[in-house]
Amino acid sequence: MTQNRYLPFPSRILDVIKHTDIEYTFRMEFSGEVKPGQFFEVSIPKYGEAPISVSGIGENYVDLTIRRVGKVTNEVFEHYTGDTLLMRGPYGNGFDLDNYRGKELVIIAGGTGVSPVRGVISWFGDHPEERKGMTIITGFKSEKDILFKEDFRRWRNQMNVILTLDAGEETEDHKIGLVTKFIPDLELADVSLAQAIVVGPPAMMRFSVQGLLARGFKEENIWVSHERKMCCGLGKCGHCKIGDTYVCLDGPVFNYTKGKTLID
Amino acid sequence: MGFHVNAQQFDQWLAGLKEDYDVYAPVCIRGGSIYSDADCIRYGKIDRIEDVVFDKKSEYSFKEAMIPVSETLFYFTEEDCTVPPARKKGAVIFLRSCDLSAVQRLDDMYLGNGPEDFYYERIRSRIRFVLMGCSKSFDSCFCVSMGTNTASRYDLCVNVRTDGFAVDCPNREWAEFFMHCGCEEQPVTPDRVTENRTKVTLPENLSTEVYRASLWDEYNKRCINCGRCNFVCPTCTCFTMQDLFYTENGKVGERRRVWASCMVDGFTDVAGGGSYRKKNGERMRFKVMHKVFDYKERNGYHMCVGCGRCDDICPEYISFSRILNRLEDGMKEVSGS
Ligand code: SF4
Ligand code: SF4
Ligand code: FES
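Description of the structure in this document. As the structure is a prediction and not an experimental result, all values here were calculated from the model.

### Considering the site of ligand 2
1) Next: Every residue close to ligand 2 is listed here: B:Phe142, B:Cys233, B:Pro234, B:Lys291, B:Cys304, B:Val305, B:Gly306, B:Cys307, B:Gly308, B:Cys310 and B:Phe320.
2) Next: Partitioned by chemical class, the residues of the shell around ligand 2 number eight nonpolar, two polar and one charged.

### Description of the nonpolar core
The nonpolar side chains of a soluble globular protein tend to be buried with one another.
1) Next: By size, the foremost hydrophobic cluster in this structure holds 74 residues, and its most contacted members are A:Ile108, A:Val198, A:Leu212, A:Phe217, B:Phe62, B:Met66 and B:Ile93.
2) Next: When residues in this core are grouped by element, the largest group, seven residues, is from helix α3 (residues 97-110) of chain B.
3) Next: Not counting residues within four places of it along the chain, the set of residues in contact with A:Leu212 comprises A:Ile108, A:Ile183, A:Leu186, A:Ala196, A:Val198, A:Phe217 and A:Ile222.
4) Next: With 33 residues, the next largest nonpolar core counts B:Met146, B:Cys314, B:Leu324 and B:Met331 among its residues.

### Some remarks on the packing of aromatic side chains
1) Next: The full count for this structure, using the stated rule, is 26 aromatic pairs over all chains.
2) Next: Measuring from ring centre to ring centre gives 6.1 Å for A:Phe9 and A:Phe30, while their planes differ by 25°; the resulting arrangement is stacked. Taken as a pair, A:Phe9 in strand β1 (residues 9-18) and A:Phe30 in the loop between β2 (23-29) and β3 (39-44) lie far apart in primary sequence, 21 residues in all.
3) Next: One aromatic cluster in this structure is built from B:Phe3, B:Phe10, B:Trp13, B:Tyr21, B:Phe54, B:Phe94, B:Phe165, B:Trp174, B:Phe177 and B:Phe178.
4) Next: One cation-aromatic arrangement involves B:Arg42 over B:Tyr60; the distance from NZ or CZ to the ring centre is 4.0 Å.
5) Next: The lysine or arginine in question, B:Arg277, covers the ring of B:Phe286, its NZ or CZ lying 3.5 Å from the ring centre.

### A word on the layout of surface pockets
Residue and element names in this part refer to chain A.
1) Next: Computed from the structure, the second largest pocket encloses a volume of approximately 530 Å³.
2) Next: Taken together, 26 residues line the second largest pocket, and the ones lying closest to its centre are Ser55, Gly56, Ile57, Arg118 and Ser122.
3) Next: Taken together, the elements giving at least two residues each to the lining of the second largest pocket come down to β1, β2, β4 (48-58), β5 (61-67), α1 (114-126) and α2 (149-158).
4) Next: Among the residues forming the lining of the second largest pocket, the class breakdown is nine nonpolar, six polar and eleven charged.
5) Next: Taken together, domain 1 (9-91) and domain 2 (97-259) each give at least three residues to the lining of the second largest pocket, which thus spans both.

### Quick look at the sheet that holds strand β11 (residues 239-245) of chain B
Residue and element names in this part refer to chain B.
1) Next: What the four strands build is an open sheet, ordered β5-β4-β12-β11; its pairing is antiparallel. Only two strands of the sheet have a single neighbouring strand rather than two, namely β5 (81-82) and β11.
2) Next: In this structure, β11 lies alongside strand β12 (residues 253-259), joined through seven bridges in antiparallel fashion. What sits directly across from Phe245, in β12, is Gly253.

Thresholds applied
- Residues numbered from 1 in each chain as written.
- Chains lettered and ligands numbered in written order.
- Predicted model: local features only at pLDDT ≥ 70, side-chain atom pairs only at ≥ 80, totals over all residues.
- Heavy atoms only, no water.
- Near = heavy atom within 4 Å.
- Nonpolar A, V, L, I, M, F, W, Y, C, P; charged D, E, K, R; others polar.
- Core = buried A, V, L, I, M, F, W, Y, C linked by side-chain atoms within 4.5 Å.
- Buried < 20%, exposed > 50% of the residue type's maximum accessible area, 1.4 Å probe, protein only.
- Helix = DSSP H or I, 4+ residues; strand = E, 2+ residues; numbered from the N terminus.
- Contact = heavy atoms within 4.5 Å.
- Phe/Tyr/Trp six-rings, centres within 6.5 Å; stacked < 30°, edge-to-face > 60°.
- Lys NZ or Arg CZ within 6 Å of the ring centre and 35° of its normal.
- 1 Å grid on protein atoms, 1.4 Å probe; cavity = no way out; pocket = protein on both sides within 12 Å on 5 of 7 lines; lining within 4 Å.
- Points joined across faces, edges and corners; volume = space filled by probe spheres on them.
- Domains from an automatic or database assignment.
- Pairing = 2+ DSSP bridges.

Dropping the structure here:
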């Protein structure tokens, strides 16, 4: 008989990490195959299901970083350790680490776009022998919007970290300006082989990719991840469709040679 | 195996189905039109062959009888999800050849395009189809252009004759019935049209380049994004999840899926306020390209079956077939030749 993939399973909240006033990471009990960049459909009491990308992976858990925006994701914040949430997944292709092994790697992420790449950053941070030079350029609106502060402390010792804010005063920890500002000055041993990942709001992704191409990156070495409305995650509901592509099945991670053909 | 069947014999056969099946066919709903007190032809349960409307096209398609407009997927509590039982009976559905072609599209979307859909599969596996032969084309039909004017995967086919019905019955079990009640055997092939008034020609070189053509702009204003064209379409499959909460804390309730339309506001809204395809012209382009380009890229044949229902229903008199016929000029425009 056909498996009923719409049925969620209850998962225990193991821990809640508060990043900002509106962004929390929920550490959810989960054991099974999962990759950074994949997502779960999380049932949010009083709202409904929302697709949430995996921001961290451990032995028996996944981290889901949820932003309190509109009424969509508010209710989940009532949940705390020991409580359960219904969820299903993981869905989508996720990032394939093999694409970046042994290469120079640049990751550009804006705001909550850091969530889907956090696993990639951490893994290559912990395994420097698996890659060449590594730079991350991460942008947030202001100081109070910075996510994963703990991680940044560790990442600074492992790779070249550029943390930038849209506005405010420059400090030792962060610069001021859009992420795109730092692309021209990227130091790379061989740009023709370097790999780049870009995740964030649509305009930020567009301009970042333009910047990377201008810096000499090859299209086939750039990877993007798209956020779309996703009701099913199963190629059925149609909400995530762009052209002939279903973001939930074929993405959300795309090589730019494909990503550039996706026009809403 | 073919037979000549009179109305009384047909009704006997329908009565025999009752135990295992609900029988759905286009019926006349008095005063059911969305515009006025006029009658509306849509799908309903029937007991007798005289209930079936053969001489008009159903406003809504057979899809109503197959995929509920709103379907409860499960009931949930904090710890538990309970799936409602399947329908007690299977269904026998009367439809035309364009619609039987649409079934293949639904199958490929729900049983393919990712993992098999549990709810579709459990209904689909218990459906039998009765093909209604078409002796004439309706004005907006363009099945010949779309290659859907012939159909073969039916359990029974019925052609209307002045003195009864000419029936072809490949379903062995059913054929036994007609043999036993003394129906005269005769060779029967489905009635079909070979020409429509409405003709559609799609450009061979159709590509996403046509996004840039100016033809879409016209629909920014003309289309009022009501979504009716999607709801009547036998090949539209999109849905949205909806939760219904029974308790204050939102932890007990039910999840449903309801038909959705890519023309209607909110279809692409993401948490945080982003949305895509804000203009109605962009939505029109998205729908048109899905029906005659995107789907084909994935499945090798067009999604649109040329039933013409979207043309018939549009309150703004927007003709989908006319848009299809404009694609050629659209391609010329963007390729500069
Ligand atoms: S094309 Fe017509 S039926 Fe479809 S959404 Fe626009 S106005 Fe409504
Ligand atoms: S797009 Fe229009 S003509 Fe084509 S199958 Fe759907 S309703 Fe029928
Ligand atoms: S999320 Fe439903 S089709 Fe992709």
